[in-house]
Amino acid sequence: MLSGRRLDLLDPSPLDIEIGDIAHGLARVARWNGQTRGDWAFSVAEHSVLVERIFARLKPVPSTAQRLMALLHDAPEYVIGDMISPFKAALGLDYRAFEDRLEAATHLRFGLPAKPPEAVKARIKRADRASAWIEAVQLAGFDEAEAGRLFSRPRFKGWEQIRLTPLPPNEAAAVFLARFERLTKGV
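Residues numbered from 1 in each chain as written. Predicted model: local features only at pLDDT ≥ 70, side-chain atom pairs only at ≥ 80, totals over all residues. Heavy atoms only, no water.

Considerations on the packing of aromatic side chains
Part 1: With the rule as written, the count across this model stands at 5 aromatic pairs.
Part 2: Taking 5.8 Å as the distance between ring centres and 85 degrees as the angle between the ring planes, the aromatic pair formed by Trp-32 and Phe-151 counts as edge-to-face. One end of the pair, Trp-32, is in the loop between α1 (19-26) and α2 (44-57); the other, Phe-151, is in the loop between α8 (144-150) and α9 (169-184), with 119 residues separating them in the sequence.
Part 3: Take Phe-151: its relative accessible area is 18%, and that puts it in the buried class.
Part 4: With 5.2 Å between their ring centres and 90 degrees between their planes, Trp-133 and Trp-159 make a pair best called edge-to-face. A residue pair is termed long-range when its members are at least 10 positions apart, and Trp-133 in helix α7 (residues 118-138) and Trp-159 in the loop between α8 and α9 qualify at 26 residues. For the pair formed by Trp-133 and Trp-159, the shared burial category is buried.
Part 5: Members of the aromatic cluster, each reached through a chain of ring pairs, are Trp-32, Phe-142 and Phe-151.
Part 6: Arg-123 extends its terminal NZ or CZ atom over the ring of Phe-55, reaching a point 5.1 Å from the ring centre. (Phe/Tyr/Trp six-rings, centres within 6.5 Å; stacked < 30°, edge-to-face > 60°. Helix = DSSP H or I, 4+ residues; strand = E, 2+ residues; numbered from the N terminus. Buried < 20%, exposed > 50% of the residue type's maximum accessible area, 1.4 Å probe, protein only. Lys NZ or Arg CZ within 6 Å of the ring centre and 35° of its normal.)

This is the structure we're talking about:
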């Protein structure tokens, strides 16, 4: 990693995970395999911030730790990249176990439970799918009907005001880090 840490991908240690490495990596991983409008790809870092924003609007009001879990929901992708869910499923259970080990190490590094409670995980997934709908319509060329067949149309107050503009990688990393810093002040 750029921090100088050496992360054992098969047995990741929480001590080898740094938020700067996560932000840097996620800001350089493109959502939609880079097939989005704009001068820059919409990054997983930007997606993660959006998911946390959406998650924060869902009822009941989540705790700061739960919001941090939402922000970090795709953290393993800083080293393994972003793959669409059908492809992950095709790779099988070993891939999911690999991803789960990275998530557990990341959560432990930042004082969170290794595995999110199922109710929290389901709410993060709801926010993730709403984010995917917004991204699909605004950036990836889907019409609303097509996006609705694949993702959940957002159902929270104010979603219509969300406007996505992909950022250069360094700016996306800075936005992700700023959100992390704000959330960890409350944990």
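Some thoughts on the side chain of His-73
Part 1: Residue position: His-73 is located in the loop between α3 (64-71) and α4 (77-80).
Part 2: Classification of His-73 by relative accessible area gives buried; the value is 13%.
Part 3: Polar side-chain contacts of His-73 include one of 3.0 Å to the side chain of Asp-74.
Part 4: Filtering out sequence-adjacent residues up to four positions away, His-73 remains in contact with His-47, Ser-48, Val-51, Glu-103, Ile-124 and Asp-128. (Polar contact = N/O pair within 3.5 Å; in protein donor to acceptor, adjacent residues only side chain to side chain. Contact = heavy atoms within 4.5 Å.)

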